[in-house]
Amino acid sequence: DAGVIQSPRHEVTEMGQEVTLRCKPISGHDYLFWYRQTMMRGLELLIYFNNNVPIDDSGMPEDRFSAKMPNASFSTLKIQPSEPRDSAVYFCASSSPLTGRGYTFGSGTRLTVV
Amino acid sequence: AQSVTQLGSHVSVSEGALVLLRCNYSSSVPPYLFWYVQYPNQGLQLLLKYTTGATLVKGINGFEAEFKKSETSFHLTKPSAHMSDAAEYFCAVTDKAAGNKLTFGGGTRVLVKP
(Lines give C-alpha, C1' and ligand atoms only; values in the text may rest on other atoms or scores of the structure.)
Protein backbone atom coordinates (compact mmCIF):
# COMPACT_ATOMS: atom_id res chain seq x y z
CA ASP A 1 0.00 0.00 0.00
CA ALA A 2 1.31 3.47 -0.86
CA GLY A 3 -0.01 4.96 2.36
CA VAL A 4 -1.85 8.25 2.65
CA ILE A 5 -0.88 10.48 -0.24
CA GLN A 6 -1.00 14.25 0.01
CA SER A 7 -0.33 16.83 -2.64
CA PRO A 8 1.32 19.17 -3.09
CA ARG A 9 4.18 18.72 -0.59
CA HIS A 10 4.89 22.43 -0.59
CA GLU A 11 2.72 25.35 -1.58
CA VAL A 12 3.66 29.01 -1.62
CA THR A 13 0.91 31.44 -2.46
CA GLU A 14 0.09 35.08 -2.15
CA MET A 15 -2.39 36.41 0.34
CA GLY A 16 -5.89 36.40 -1.08
CA GLN A 17 -5.36 33.47 -3.40
CA GLU A 18 -7.30 30.22 -3.25
CA VAL A 19 -5.40 27.17 -2.06
CA THR A 20 -6.49 23.56 -2.49
CA LEU A 21 -4.83 20.70 -0.65
CA ARG A 22 -5.46 17.13 -1.70
CA CYS A 23 -5.49 13.78 0.05
CA LYS A 24 -5.87 10.17 -1.00
CA PRO A 25 -6.54 7.90 1.99
CA ILE A 26 -5.59 4.26 2.32
CA SER A 27 -7.99 2.03 0.46
CA GLY A 28 -10.53 0.52 2.84
CA HIS A 29 -10.11 3.15 5.53
CA ASP A 30 -13.49 4.72 6.24
CA TYR A 31 -12.31 7.63 8.38
CA LEU A 32 -10.39 10.63 7.08
CA PHE A 33 -8.98 13.46 9.17
CA TRP A 34 -7.49 16.85 8.35
CA TYR A 35 -5.03 18.36 10.85
CA ARG A 36 -3.06 21.58 10.97
CA GLN A 37 0.27 21.85 12.77
CA THR A 38 1.98 25.06 13.83
CA MET A 39 4.64 25.89 16.38
CA MET A 40 2.22 28.05 18.34
CA ARG A 41 -0.83 25.79 18.44
CA GLY A 42 0.63 22.33 17.87
CA LEU A 43 -1.55 19.72 16.21
CA GLU A 44 -5.16 20.80 15.64
CA LEU A 45 -7.98 18.66 14.25
CA LEU A 46 -9.82 20.66 11.61
CA ILE A 47 -12.45 18.21 10.36
CA TYR A 48 -13.06 14.52 9.96
CA PHE A 49 -15.18 12.33 7.73
CA ASN A 50 -16.71 8.89 8.14
CA ASN A 51 -17.78 7.11 4.96
CA ASN A 52 -17.33 10.40 3.06
CA VAL A 53 -19.69 12.28 5.37
CA PRO A 54 -18.36 15.16 7.51
CA ILE A 55 -18.84 14.24 11.16
CA ASP A 56 -17.17 17.07 13.06
CA ASP A 57 -16.00 20.34 11.54
CA SER A 58 -15.82 22.27 14.79
CA GLY A 59 -12.08 22.73 14.33
CA MET A 60 -12.37 24.57 11.05
CA PRO A 61 -11.10 28.04 11.96
CA GLU A 62 -13.50 30.10 9.88
CA ASP A 63 -15.63 30.19 6.76
CA ARG A 64 -12.58 30.64 4.58
CA PHE A 65 -11.87 26.96 5.15
CA SER A 66 -13.90 24.20 3.52
CA ALA A 67 -13.37 20.47 3.05
CA LYS A 68 -14.99 17.89 0.83
CA MET A 69 -14.83 14.17 0.33
CA PRO A 70 -16.62 13.38 -2.93
CA ASN A 71 -15.68 9.69 -2.78
CA ALA A 72 -13.85 7.18 -0.62
CA SER A 73 -10.51 7.78 -2.30
CA PHE A 74 -10.22 11.56 -2.39
CA SER A 75 -10.59 14.59 -0.17
CA THR A 76 -9.77 18.28 -0.51
CA LEU A 77 -9.19 21.10 1.93
CA LYS A 78 -9.69 24.52 0.43
CA ILE A 79 -8.76 27.92 1.81
CA GLN A 80 -10.25 30.96 0.12
CA PRO A 81 -9.02 33.62 0.46
CA SER A 82 -5.76 32.60 2.07
CA GLU A 83 -4.05 34.72 4.73
CA PRO A 84 -0.50 34.69 6.13
CA ARG A 85 -1.77 33.24 9.43
CA ASP A 86 -2.87 30.14 7.51
CA SER A 87 0.79 29.25 7.01
CA ALA A 88 1.25 25.80 8.57
CA VAL A 89 1.75 22.14 7.78
CA TYR A 90 -1.52 20.44 6.92
CA PHE A 91 -1.78 16.71 7.49
CA CYS A 92 -4.30 14.23 6.26
CA ALA A 93 -4.75 10.91 8.08
CA SER A 94 -6.96 7.89 7.53
CA SER A 95 -8.13 5.16 9.83
CA SER A 96 -10.39 2.17 10.26
CA PRO A 97 -11.74 0.53 13.42
CA LEU A 98 -10.69 -2.75 11.85
CA THR A 99 -7.04 -1.72 12.14
CA GLY A 100 -7.18 -0.95 15.84
CA ARG A 101 -8.18 2.68 15.43
CA GLY A 102 -4.68 4.01 14.85
CA TYR A 103 -4.22 6.65 12.21
CA THR A 104 -1.93 6.56 9.19
CA PHE A 105 -0.70 10.05 8.41
CA GLY A 106 0.37 11.51 5.10
CA SER A 107 3.63 13.41 4.73
CA GLY A 108 1.84 16.73 4.93
CA THR A 109 1.59 19.87 2.85
CA ARG A 110 3.69 22.82 3.99
CA LEU A 111 1.70 25.94 3.14
CA THR A 112 3.30 29.37 3.10
CA VAL A 113 1.10 32.38 2.46
CA VAL A 114 3.06 35.55 1.71
CA ALA B 1 -14.40 14.12 27.47
CA GLN B 2 -11.01 12.66 26.81
CA SER B 3 -7.75 14.43 27.49
CA VAL B 4 -4.04 13.66 27.28
CA THR B 5 -1.25 15.30 29.26
CA GLN B 6 2.37 14.87 28.32
CA LEU B 7 4.69 16.05 31.05
CA GLY B 8 7.56 18.07 29.63
CA SER B 9 7.44 19.67 26.22
CA HIS B 10 11.20 19.12 25.86
CA VAL B 11 13.39 16.29 27.13
CA SER B 12 17.15 16.06 26.77
CA VAL B 13 18.92 12.70 27.15
CA SER B 14 22.45 11.49 26.59
CA GLU B 15 23.13 8.87 23.97
CA GLY B 16 22.89 5.47 25.63
CA ALA B 17 20.74 6.73 28.51
CA LEU B 18 17.18 5.76 29.33
CA VAL B 19 14.44 7.60 27.50
CA LEU B 20 11.27 8.12 29.55
CA LEU B 21 8.35 10.12 28.18
CA ARG B 22 5.34 10.54 30.41
CA CYS B 23 1.72 10.41 29.31
CA ASN B 24 -1.41 10.56 31.44
CA TYR B 25 -4.89 10.34 30.01
CA SER B 26 -8.49 10.66 31.06
CA SER B 27 -11.22 8.51 29.59
CA SER B 28 -14.56 7.42 30.99
CA VAL B 29 -14.41 4.01 29.33
CA PRO B 30 -11.56 1.58 28.55
CA PRO B 31 -9.10 3.48 26.39
CA TYR B 32 -7.14 2.74 23.28
CA LEU B 33 -3.72 4.35 23.64
CA PHE B 34 -1.10 5.29 21.09
CA TRP B 35 2.37 6.77 20.77
CA TYR B 36 3.39 8.49 17.56
CA VAL B 37 6.78 9.83 16.52
CA GLN B 38 7.39 12.74 14.17
CA TYR B 39 10.81 13.23 12.62
CA PRO B 40 11.67 16.63 11.17
CA ASN B 41 9.70 17.50 8.06
CA GLN B 42 7.73 14.28 8.17
CA GLY B 43 4.27 13.13 9.16
CA LEU B 44 3.43 11.27 12.35
CA GLN B 45 4.35 7.59 12.42
CA LEU B 46 2.78 5.04 14.74
CA LEU B 47 5.29 3.75 17.31
CA LEU B 48 3.02 1.44 19.27
CA LYS B 49 -0.52 1.01 20.51
CA TYR B 50 -2.49 -0.54 23.32
CA THR B 51 -6.01 -1.80 22.64
CA THR B 52 -6.63 -4.83 24.85
CA GLY B 53 -4.65 -7.66 26.41
CA ALA B 54 -1.07 -7.40 27.59
CA THR B 55 -0.41 -4.09 29.27
CA LEU B 56 3.24 -3.93 28.24
CA VAL B 57 3.36 -3.06 24.58
CA LYS B 58 6.44 -3.22 22.39
CA GLY B 59 6.83 -1.01 19.37
CA ILE B 60 9.30 -0.16 16.68
CA ASN B 61 12.85 1.06 17.23
CA GLY B 62 13.14 -0.54 20.68
CA PHE B 63 10.41 1.52 22.34
CA GLU B 64 7.84 0.10 24.72
CA ALA B 65 5.02 1.47 26.84
CA GLU B 66 3.04 0.13 29.76
CA PHE B 67 -0.65 0.76 30.31
CA LYS B 68 -1.37 1.33 34.00
CA LYS B 69 -5.07 1.71 34.56
CA SER B 70 -4.76 2.62 38.23
CA GLU B 71 -2.44 5.48 37.35
CA THR B 72 -4.18 6.39 34.06
CA SER B 73 -0.75 6.40 32.49
CA PHE B 74 0.92 5.14 29.33
CA HIS B 75 4.56 6.12 29.66
CA LEU B 76 6.98 5.47 26.80
CA THR B 77 10.46 4.12 27.45
CA LYS B 78 13.57 3.02 25.61
CA PRO B 79 16.51 1.58 27.57
CA SER B 80 19.24 3.19 25.50
CA ALA B 81 18.82 6.37 23.47
CA HIS B 82 20.25 6.64 20.01
CA MET B 83 20.94 9.81 18.07
CA SER B 84 18.26 8.79 15.60
CA ASP B 85 15.64 8.99 18.38
CA ALA B 86 15.72 12.78 18.25
CA ALA B 87 12.17 13.65 17.24
CA GLU B 88 8.84 14.78 18.65
CA TYR B 89 6.66 12.21 20.34
CA PHE B 90 2.89 12.38 20.71
CA CYS B 91 0.65 10.37 23.02
CA ALA B 92 -2.97 9.89 21.96
CA VAL B 93 -6.15 8.30 23.31
CA THR B 94 -9.48 7.19 21.98
CA ASP B 95 -12.24 4.83 23.07
CA LYS B 96 -15.38 3.26 21.68
CA ALA B 97 -17.46 6.25 22.73
CA ALA B 98 -15.24 8.58 20.71
CA GLY B 99 -15.50 6.46 17.62
CA ASN B 100 -12.28 6.82 15.70
CA LYS B 101 -11.42 10.32 16.90
CA LEU B 102 -8.02 10.50 18.60
CA THR B 103 -7.19 13.11 21.22
CA PHE B 104 -3.50 14.03 21.08
CA GLY B 105 -1.22 15.35 23.77
CA GLY B 106 0.86 18.44 23.18
CA GLY B 107 3.96 16.49 22.22
CA THR B 108 7.41 16.06 23.74
CA ARG B 109 10.48 17.01 21.76
CA VAL B 110 13.46 14.75 22.49
CA LEU B 111 17.01 15.96 22.10
CA VAL B 112 19.76 13.36 22.21
CA LYS B 113 23.21 14.56 23.27
CA PRO B 114 26.31 12.71 22.13
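Above this note sits the structure.
What comes next concerns the included structure. Everything numeric in this text was worked out from a predicted model, so none of it was measured.

Cut-off values and rules
- Residues numbered from 1 in each chain as written.
- Chains lettered and ligands numbered in written order.
- Predicted model: local features only at pLDDT ≥ 70, side-chain atom pairs only at ≥ 80, totals over all residues.
- Heavy atoms only, no water.
- Contact = heavy atoms within 4.5 Å.
- Salt bridge = Lys/Arg side-chain N within 4 Å of Asp/Glu carboxyl O.
- Helix = DSSP H or I, 4+ residues; strand = E, 2+ residues; numbered from the N terminus.
- Nonpolar A, V, L, I, M, F, W, Y, C, P; charged D, E, K, R; others polar.
- Buried < 20%, exposed > 50% of the residue type's maximum accessible area, 1.4 Å probe, protein only.
- Core = buried A, V, L, I, M, F, W, Y, C linked by side-chain atoms within 4.5 Å.
- Pairing = 2+ DSSP bridges.
- Axes fitted to C-alpha atoms, helices over the stretch in contact; angles between N-to-C directions.
- Disulfide = S-S within 2.5 Å.
- Phe/Tyr/Trp six-rings, centres within 6.5 Å; stacked < 30°, edge-to-face > 60°.

**Some remarks on the interface of chain A and chain B**
Across the boundary between the two partners, chain A contributes 22 residues, which contact 19 residues of chain B. Applying the counting rule to chain A against chain B returns one salt bridge. Note that Asp56 of chain A is salt-bridged to Lys101 of chain B, the shortest N-O span being 3.0 Å. Elements with a minimum of two residues in the side of chain A that touches chain B: β4 (31-38), β5 (42-50), β9 (88-95) and β10 (103-105) of chain A. Of the residues forming the side of chain A that touches chain B, the biggest block, four residues, is contributed by β4 of chain A. Residue composition of the side of chain A that touches chain B, grouped by class: 10 nonpolar, eight polar and four charged.

**What to know about the side chain of Arg36 of chain A**
Residue and element names in this part refer to chain A. Within the secondary structure layout, Arg36 lies in strand β4. In this structure Arg36 comes out as buried when scored by relative accessible area, which is 6%. Sequence-distant contacts of Arg36, that is, excluding residues within four places in its chain, are made with Arg41, Gly42, Leu43, Glu44, Leu46, Pro61, Phe65, Asp86, Ala88, Val89 and Tyr90.

**Topic: the nonpolar core**
Residues and elements named next belong to chain B. Ranked by internal contacts, the top residues of the largest apolar core, which has 27 residues, are Leu21, Trp35, Leu47, Leu48, Phe74, Leu76 and Tyr89. Secondary-structure elements contributing two or more residues to this core are β2 (10-14), β3 (19-26), β4 (31-38), β5 (44-50), β7 (64-68), β8 (73-78), β9 (87-95) and β11 (108-113). Beyond its immediate chain neighbours, meaning those up to four positions away, Tyr89 contacts Gln6, Leu21, Trp35, Tyr36, Val37, Leu47, Phe63, Leu76, Gly107, Thr108 and Val110.

**Some points on the pairing of strand β7 (residues 65-71) of chain A**
All names here are of chain A. With five bridges connecting them, β7 and strand β8 (residues 74-79) associate as antiparallel partners. Bridge pairing links Lys68 to Thr76 in β8. Between β7 and β8, which pair antiparallel in sequence order, lie two residues.

**Observations regarding the sheet that holds β7 of chain A**
Within a sheet, neighbouring strands are paired by backbone hydrogen bonds and run either parallel or antiparallel to one another. Residue and element names in this part refer to chain A. What the four strands build is an open sheet, ordered β1-β3-β8-β7; its pairing is antiparallel. Two strands bound the open sheet, and with one partner strand each, they are β1 (5-7) and β7. With strand direction ignored, the average angle separating the axes of adjacent strands in the sheet is 15 degrees.

**Some details on the state of the cysteines**
Residue and element names in this part refer to chain A. As enumerated under the stated definition, the model contains two disulfides over all chains in all. For Cys23, the disulfide goes to Cys92, at an S-S distance of 1.9 Å. Around the S-S axis, the bridge from Cys23 to Cys92 shows a dihedral of about -65 degrees and counts as left-handed. Here Cys92 lies in strand β9 and Cys23 lies in strand β3 (residues 19-24), a separation of 69 residues in the sequence. Cys92 carries the same exposure label as Cys23, and that label is buried.

**Focus: the pattern of salt bridges**
A full pass over the atoms with the stated rule returns 11 salt bridges over all chains. Among the ionic pairs, Arg85 of chain A bridges to Glu62 of chain A, the shortest N-O distance being 3.2 Å. Residue Arg85 of chain A is found in the loop between β8 and β9, and its partner Glu62 of chain A is found in the loop between β6 (53-56) and β7; the two are separated by 23 residues along the sequence. Accessibility expressed as a relative area gives 52% for Arg85 of chain A, which makes it exposed. Judged by its relative accessible area of 26%, Glu62 of chain A is partly exposed. Among the salt bridges present, the one from Glu88 of chain B reaches Arg109 of chain B, with a minimum N-O distance of 3.0 Å. Taken as a pair, Glu88 of chain B in strand β9 and Arg109 of chain B in strand β11 lie far apart in primary sequence, 21 residues in all. The class for Arg109 of chain B is partly exposed, based on a relative accessible area of 36%.

**Structural notes on the packing of aromatic side chains**
All told, the structure shown has 18 aromatic pairs over all chains when counted by the stated rule. For the ring pair Tyr35 of chain A and Phe105 of chain A, a centre distance of 5.8 Å and an interplane angle of 45 degrees mean the geometry is tilted. In this pair, Tyr35 of chain A is assigned in strand β4 and Phe105 of chain A in strand β10, connecting sequence segments 70 residues apart. Like Phe105 of chain A, Tyr35 of chain A is buried. Between Phe105 of chain A and Tyr36 of chain B, the aromatic rings sit 5.7 Å apart at their centres with planes inclined by 80 degrees, giving edge-to-face as the arrangement. Taken together, the residues span two chains, with Phe105 of chain A in strand β10 and Tyr36 of chain B in strand β4. A single burial state applies to Phe105 of chain A and to Tyr36 of chain B, both of which are buried.

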